[in-house]
Amino acid sequence: MHDLDTDLLRCFVTVADDRNFTVAGARLGRSQSAISVRIKKLEDLLGGQLLLRNNQGVSLTEKGKALYPRAKQILNDSERLLAEMARPSVSGRLRIGFLEYVSPHRIPDLLASVQRQLPDADLSFRVGLSRPLLSALKSGELDLALALHDPDSETSAPIIDDPLVWVGPSELQADGAGDTLALCMMQAPCIYRQAALKSLSDAGTAYREVLTCRSIQSVRSAVMSGLGVSVLGRSCLGEGLKIPQTLQQLGELPVATLSLHGSDPRKPEISRTLKGVFRDILD
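Residues numbered from 1 in each chain as written. Predicted model: local features only at pLDDT ≥ 70, side-chain atom pairs only at ≥ 80, totals over all residues. Heavy atoms only, no water.

1. Observations regarding the overall build of the protein chain
Line of reasoning, step 1. In terms of helices and strands, the protein chain carries nine helices and eleven strands.
Line of reasoning, step 2. In terms of C-alpha radius of gyration, the protein chain reaches 20 Å, essentially the compact-globule figure of 19 Å for 283 residues.
Line of reasoning, step 3. Taken along its principal axes, the extent of the C-alpha atoms in the protein chain is 60 × 50 × 25 Å.
Line of reasoning, step 4. A burial count over the protein chain gives 46% of its 283 residues as buried.
Line of reasoning, step 5. Considering only contacts in the protein chain between residues 6 or more positions apart, those separated by 24 or more positions represent 75%.
Line of reasoning, step 6. When the accessible surface of the protein chain is split by element, carbon and sulfur atoms take 49% of a total near 14,200 Å².
Line of reasoning, step 7. For the protein chain, the centre of its 33 positive side-chain charges and the centre of its 33 negative side-chain charges are spaced 2 Å apart. (Helix = DSSP H or I, 4+ residues; strand = E, 2+ residues; numbered from the N terminus. Rg over C-alpha atoms; globule rule 2.2 N^0.38 Å. Buried < 20%, exposed > 50% of the residue type's maximum accessible area, 1.4 Å probe, protein only. Contact = heavy atoms within 4.5 Å. Areas by Shrake-Rupley, 256 points an atom, 1.4 Å probe, with all protein chains shown as cover. Lys, Arg positive; Asp, Glu negative; His and termini not counted. Charge placed at Lys NZ, Arg CZ, Asp CG, Glu CD.)

2. A short note on the confidence of the model for the protein chain
Line of reasoning, step 1. Averaged over every residue, the pLDDT of the protein chain is 85; the share at 70 or more is 91%.
Line of reasoning, step 2. Within the model, pLDDT remains below 50 along residues 174–178, and this stretch shows five contacts once partners closer than five positions in the same chain are excluded. (pLDDT = per-residue confidence, 0-100.)

3. Overview of the packing of helix α2 (residues 21–28) against helix α3 (residues 32–46)
Line of reasoning, step 1. Following both chains from N to C, one finds α2 and α3 inclined at 100°, their axes separated by 8 Å at the closest point. Looking at the two axes, α2 sits roughly perpendicular to α3. Touching Phe-21, Thr-22, Gly-25 and Leu-28 of α2 are Gln-32, Ile-35, Ser-36 and Ile-39, all from α3. (Axes fitted to C-alpha atoms, helices over the stretch in contact; angles between N-to-C directions. Parallel < 35°, antiparallel > 145°, perpendicular 65-115°, else oblique.)

4. A short note on the nonpolar core
Line of reasoning, step 1. Ranked by internal contacts, the top residues of the largest apolar core, which has 60 residues, are Phe-98, Tyr-101, Leu-146, Trp-166, Ile-270, Leu-274 and Phe-278.
Line of reasoning, step 2. Considering every element that reaches this core, the biggest residue donor is strand β6 (residues 157–169), with six residues.
Line of reasoning, step 3. Core analysis: the second largest hydrophobic core is formed by 20 residues, Leu-9, Leu-28, Leu-50 and Leu-60 among them. (Core = buried A, V, L, I, M, F, W, Y, C linked by side-chain atoms within 4.5 Å.)

5. So, the pattern of salt bridges
Line of reasoning, step 1. Going through the model one piece at a time under the given rule, you end up with twelve salt bridges.
Line of reasoning, step 2. The shortest N-O distance in the salt bridge between Arg-38 and Asp-5 comes to 3.2 Å. Placement of the pair is Arg-38 in helix α3 and Asp-5 in the segment before α1 (6–18), with a sequence separation of 33 residues.
Line of reasoning, step 3. As a salt-bridge pair, Arg-95 and Asp-143 come within 3.0 Å of each other at their nearest N and O atoms. (Salt bridge = Lys/Arg side-chain N within 4 Å of Asp/Glu carboxyl O.)

6. Examining α1
Spacing of three or four residues puts side chains on the same side of an α-helix, whose turn is 3.6 residues.
Line of reasoning, step 1. Compared with the 18 Å implied by 1.5 Å per residue over 13 residues, the 18 Å span of α1 between its first and last C-alpha is a close match.
Line of reasoning, step 2. Among the residues of α1, Leu-8, Leu-9, Cys-11, Phe-12, Val-13, Thr-14, Val-15, Ala-16 and Asp-18 are the ones counted as buried.
Line of reasoning, step 3. At the N-terminal boundary of α1, the capping side chain belongs to Asp-5, with an oxygen 2.8 Å from the backbone nitrogen of Asp-7.
Line of reasoning, step 4. In the segment just after α1, Arg-19 is the residue with positive phi, at about 55°. (Expected span 1.5 Å × (residues − 1). Polar contact = N/O pair within 3.5 Å; in protein donor to acceptor, adjacent residues only side chain to side chain.)

7. Focus on the environment of Val-223
Line of reasoning, step 1. With respect to the secondary-structure elements, Val-223 resides in helix α8 (residues 216–224).
Line of reasoning, step 2. In contact with Val-223, other than residues within four places in its own chain, are Val-167, Gly-168, Pro-169, Cys-184, Gly-228, Val-229, Ser-230 and Leu-241.

8. A closer look at the environment of Arg-106
Line of reasoning, step 1. If you trace the backbone, Arg-106 turns up in the loop between β3 (92–99) and α5 (107–117).
Line of reasoning, step 2. For the pair Arg-106 and Met-186, spaced 80 residues apart in sequence, the C-alpha to C-alpha distance is 19 Å.

9. Some words on a nonpolar patch on the surface
Line of reasoning, step 1. There is a patch of nonpolar side chains on the surface, built from Leu-4, Leu-45, Leu-46 and Ile-74 and spanning about 280 Å² of accessible area.
Line of reasoning, step 2. Relative to the assigned elements, Leu-4 resides in the segment before α1. (Patch = residues over 30% accessible without salt bridge, like charges linked within 9 Å, V, L, I, M, F, W, Y side chains within 5 Å.)

Set out below in structure tokens:
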């Protein structure tokens, strides 16, 4: 009789979500070859191929499609069991602001995981940008807010670092403007925008702004479509996005630190929960 290792399932689900072995490996803290070995072990255990590699990336076989929802459910049940066995003492109404900068395409998964970890709390979330969330916290509309770290604030407790990187579509195409770089960016004030413009200025690289908006997810989607390139957090990588080698000469970019703001007495437990959720989903 064989036991089913949940780590094998997590590797499979991560590759299936990202459709890329390299990106999945980066999220799980393993090399591409280590991920391949884990997938092969799972395929041998289940008696069939689960994933197909091709020029467009990774796709699921019919067996993989059948396994995916059940694997997700097993991982969710495992997470729920661990949460119940080591349940944080958090209850009552709790309003949390959640910055959309980190992994915007996975925010539903992140929030659902937080909810599973805190089953006794009456949770509500507000997703948005850092400044509006901190303003809502100050006005009493939120109890806690996950926002950009403020080193001058005594209530800013670091949760996760998200290194900034240049991102482009998986198939980076010429933009038709010679050496001029097409940029998709957030409106000011924005740390991603500031970092991108400083990097381009330091390198003496010409650019044109083809998209300006207020949503990180909109920027991410525009880059995936091939409209241009941008600076985003590494957590934004996934299917359809890559770090273009042609932009590596632009130099090092800063690291964005996210912190939990506020003085609610349940903050220590929420901090531990958030760190665990980010580690499980983003690492």
